[in-house]
Amino acid sequence: MPRPRRLGLHLGLLQFGYLLALQRGVSAAAVTYALVLGAWLLGSLIGLWLPGPQRRLVLLGLAAHLAAHAWLLAHDFVSPTWLVALLPAIATSALLGGGFFARVVPTATRTGPIFAAETDGFLAGMLLAVLGYAFLGRWFSLLAPLLTAALLLAPTRRSLSPGARPA
Amino acid sequence: MPLSPRRLALVLGLVGVGFGGAQQLLLREFAALLYGEEVVLLLVACVALAAASLGYRLGDRWTPRTHARLLLLALLVQFAWPAAPRWSVAGLCLLRGGTGPELLLVLLVFAFALTSPFAVFLPALLSSETDPSRRLAALRWGYGAELLGFFLGSALALLLGTEPQMRLAVHFTGLAALACLVLGRARGLACTALAGLALALGPPLAAAGADAVYQHKHRLPGARVIASADSPYQRIDIVDSARRGRALYLDGLRDLDTGELDILNHYLGRVPARLLHPARAVVLGNGTLSLVPELAALSGHLHSVELDPIVVAAGTRFFTDPAALADLRNWQLHLADGKTFLAATDLRFDLIVVDLPSPLTLGEAYLHTREFYALCRARLTPSGVLAVQLSGRIGAPTRTPARLLASLRAEFPDVMVLDSELGDRAFAYASDALPFTPAALRSMAHPDEQSLEILHGQTLTDRIAEAVPLTLDDLDLVLRRGAERLLDRHL
């Protein structure tokens, strides 16, 4: 699987994981959707200025996700004020998307396939997030991004070949 | 030919506004046409993303000339929104005499035509810049502007949901501005003229085709949509027809009509309130507020909690006399999510009435889970009662009513069920120890009731023996039911 698709899968799981968790645990009000979307887009925007090592952004985003979801897993329903406290975690998880594009787009021969593959992966991640949560519950939302993060951090065939730059 | 950074940001900012707006228009329109179950919402989101992916893939393949031609074609589809998909659906239903798979295909074409053109711009503009550092700058400013525009476009579409004509005007204006920037003055002006014509040629463009959908897809001869608005949660249609009288539709699904409203209110609110005379009661849902005047008269203090202010506005305009609400001194309305309200309140209630739609979306299903019923129990006084409508008559253990009952039984020691033929649904009353008997409940039957079954104790346990409770970690019912209904209707 090419890297942008894996990245999209990971980001789809993260974004929809946050959305489902907050609408379930905090509030299904429209403001929840708007704040999650806003925080996610802000994180992606900031990420455009962070084209450094992806490994750090993957781990940072994953840590934010685990902290937020583990806390929500321990509380069925909480007060809406907690939403504000959880927004930085969402923005942190979204940094990776912007950072990735800033790293690969400038030198790509064609940019369209990169955006398309990332979108395809995001679509799969969104589907997986909803199906996984509905059929397997909150533990799925907590743990599935660990697997996709491992996929992102795993060395690709190209990076394993002699003389290749580390990802 | 690369654009200057300012022009690039402006073009992609407008693309983002159009993209965000178009996605919201698509979601609401298709949810109303295909019915707003979670499966449908998911399907629409998938189609929008697939359309974006196609646009990205083709963006830097096309010549600017091809791009311009296709953009013009796509704008024509946009300017025919929402009449074109509505008339197509109504026409196909009329031809077939019902719904079929062709409906999904036609809507798929509309979805691609509506959203994929926006995704073409980003790769086309970035790939035209060959110097890596300049391309990085273009990405930062251009893609950043598109993300901001997307947020703005989505927010505008959501905020203007109650003014559908204004929303279309804003969307068309943004598209016309984009056309002027991208296609040059002559074609841009032609697009502006087209957008103006589309708006001016109403009868209100936003309402065009709505009656036809109810007449031919819902099979309500002579149906007329007398009011329609989009809230951030759903499309709210008030429909008058000879067959159903006045009915409230949420995302195309009939929520209630005037005929069944009285029966629903009777068993859900009137009966428990007459048996209990609660000092403090709360109604979750019941956006029409039709329960409020009577329940307030039977309670010391009444709270109503409804998430959607547009449903409340529609309720007071079409279903409940505002004068009956104006003089109530013991009633308080809270615009909030039911679970959030209960989680945050210190109040304890003698009666909690849950008047919510069937769990066809995850948002609705959370309020039918075992954990939610546990929260309700924690907010009841020791002899307090929770009243729930079960969205159907008790049937197979895998169906919604049995699963909701299993959730209630898992949390409450004492549950009684009233299965009404007249209401075509069952109602449950749950408590630590119900302060009324089955005979007392039976004596409160609706005057028009033909056949009433009361289930309690072992009889009830036996009827739902194999039903699995709905919990926050087991919401498969939402997707299973949604998929069944979607397939039944279209395949």
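Thresholds applied
- Residue numbers run consecutively from 1 along every chain, following the written order of its sequence.
- For this description, chains carry letters from A and ligands carry numbers from 1, given in the order in which they are written.
- Local features in this predicted model are restricted to residues whose pLDDT is 70 or higher, and side-chain atom pairs enter the listing and the counts only when it is 80 or higher, whereas totals over whole chains, interfaces and linings include all residues.
- Domain extents, as shown, originate in an automatic or database domain assignment.
- In this description, a residue-residue contact is defined by the distance between C-beta atoms placed from the backbone, which must lie within 7 Å.
- Only DSSP runs of H or I reaching four residues or more are called helices, and only runs of E reaching two or more are called strands; each is numbered from the N terminus.
- The angle between two axes is taken between their N-to-C directions and runs from 0 to 180 degrees, where each axis is a line fitted to C-alpha atoms and a helix contributes only its stretch in contact.
- When an angle is under 35 degrees it counts as roughly parallel; over 145 it counts as roughly antiparallel; between 65 and 115 it counts as roughly perpendicular; any other value is oblique.
- Residues are grouped as follows: Ala, Val, Leu, Ile, Met, Phe, Trp, Tyr, Cys and Pro are nonpolar; Asp, Glu, Lys and Arg are charged; all remaining types, including Gly, are polar.
- Field definition: a residue is buried when 20 or more other C-beta atoms are found within 10 Å of its C-beta, exposed when 12 or fewer are, and partly exposed for counts in between, with C-beta atoms placed from the backbone.
- Any two strands with at least two DSSP-identified bridges between them are counted as paired.
- A clockwise path from the first strand over the helix to the second, with the strands pointing away from the viewer, defines a right-handed crossover.
- Only buried Ala, Val, Leu, Ile, Met, Phe, Trp, Tyr and Cys residues enter a nonpolar core, and they are joined through C-beta atoms within 7 Å.

Before going further, it helps to examine the domain arrangement of chain B. Accessible area lost on assembly of the parts is the figure often given for the size of an interface. Residue and element names in this part refer to chain B. The domain architecture assigned to chain B consists of domain 1 (5-205), domain 2 (210-255) and domain 3 (257-490). Tallying the contact residues gives 17 residues for domain 1 and 16 residues for domain 2. For the side of domain 1 that touches domain 2, the elements supplying multiple residues, two or more each, are helix H1 (5-34) and helix H4 (83-96).

Right, let's get into the packing of helix H2 (residues 38-59) of chain B against helix H20 (residues 476-490) of chain B. All names here are of chain B. Following both chains from N to C, one finds H2 and H20 inclined at 80°, their axes separated by 7 Å at the closest point. On the basis of the axis angle, H2 is roughly perpendicular to H20. Contacts from Glu 38, Val 39 and Val 40 in H2 reach Val 478, Leu 479, Gly 482, Ala 483 and Leu 486 in H20. Counted by class, the contact of H2 with H20 contains 6 nonpolar, 1 polar and 1 charged residues.

Attention now goes to the pairing of strand S6 (residues 301-306) of chain B. All names here are of chain B. The buried fraction of S6 is high, at 5 of 6 residues. One ladder, built from 5 bridges, connects strand S5 (residues 280-285) with S6; its direction is parallel. Bridged to Leu 284 within S6 is Val 305. In this fold, S5 hands off to helix H11 (residues 292-298), which returns the chain to S6; that crossover is right-handed. Here 5 bridges tie S6 to strand S7 (residues 331-335), and the two strands are oriented parallel to one another. Looking at the pairing, His 303 lines up with Gln 332 of S7.

Turning to the sheet that holds strand S1 (residues 224-230) of chain B, a few remarks are in order. Residues and elements named next belong to chain B. Strand order in the open sheet made by the 4 strands is S1-S2-S3-S4, with antiparallel pairing throughout. Single-partner strands in this sheet number two, and they are S1 and strand S4 (253-257). Taking the axes of each pair of neighbouring strands and ignoring which way they run, one obtains an average angle of 20° across the sheet. Examined bridge by bridge, strand S3 (residues 245-250) and S4 share 4 bridges and lie antiparallel to one another. Within S4, the residue paired with Tyr 249 across the bridge is Arg 254. The strands that helix H10 (residues 258-276) touches are S3 and S4; relative to S4, the one it contacts most, it runs at about 70°.

Residues and elements named next belong to chain B. Ranked by internal contacts, the top residues of the largest apolar core, which has 210 residues, are Leu 12, Val 44, Ile 352, Val 353, Ala 387 and Ala 428. For this core, the element with the most residues is H1, which contributes 17 residues. When near neighbours in sequence (up to four residues on either side) are disregarded, Val 353 contacts Leu 268, Gly 269, Ala 281, Val 283, Leu 284, Leu 291 and Ala 387.

Residue and element names in this part refer to chain B. In terms of burial, strand S8 (residues 349-355) is largely enclosed, as 7 of its 7 residues are buried. In this structure, S5 lies alongside S8, joined through 5 bridges in parallel fashion. Its bridge partner lying in S8, Ala 281 is registered against Leu 351. Pairing analysis gives 5 bridges linking S8 to strand S9 (residues 380-389), with the strands arranged parallel. Paired with Phe 349 across the bridge in S9 is Leu 380.

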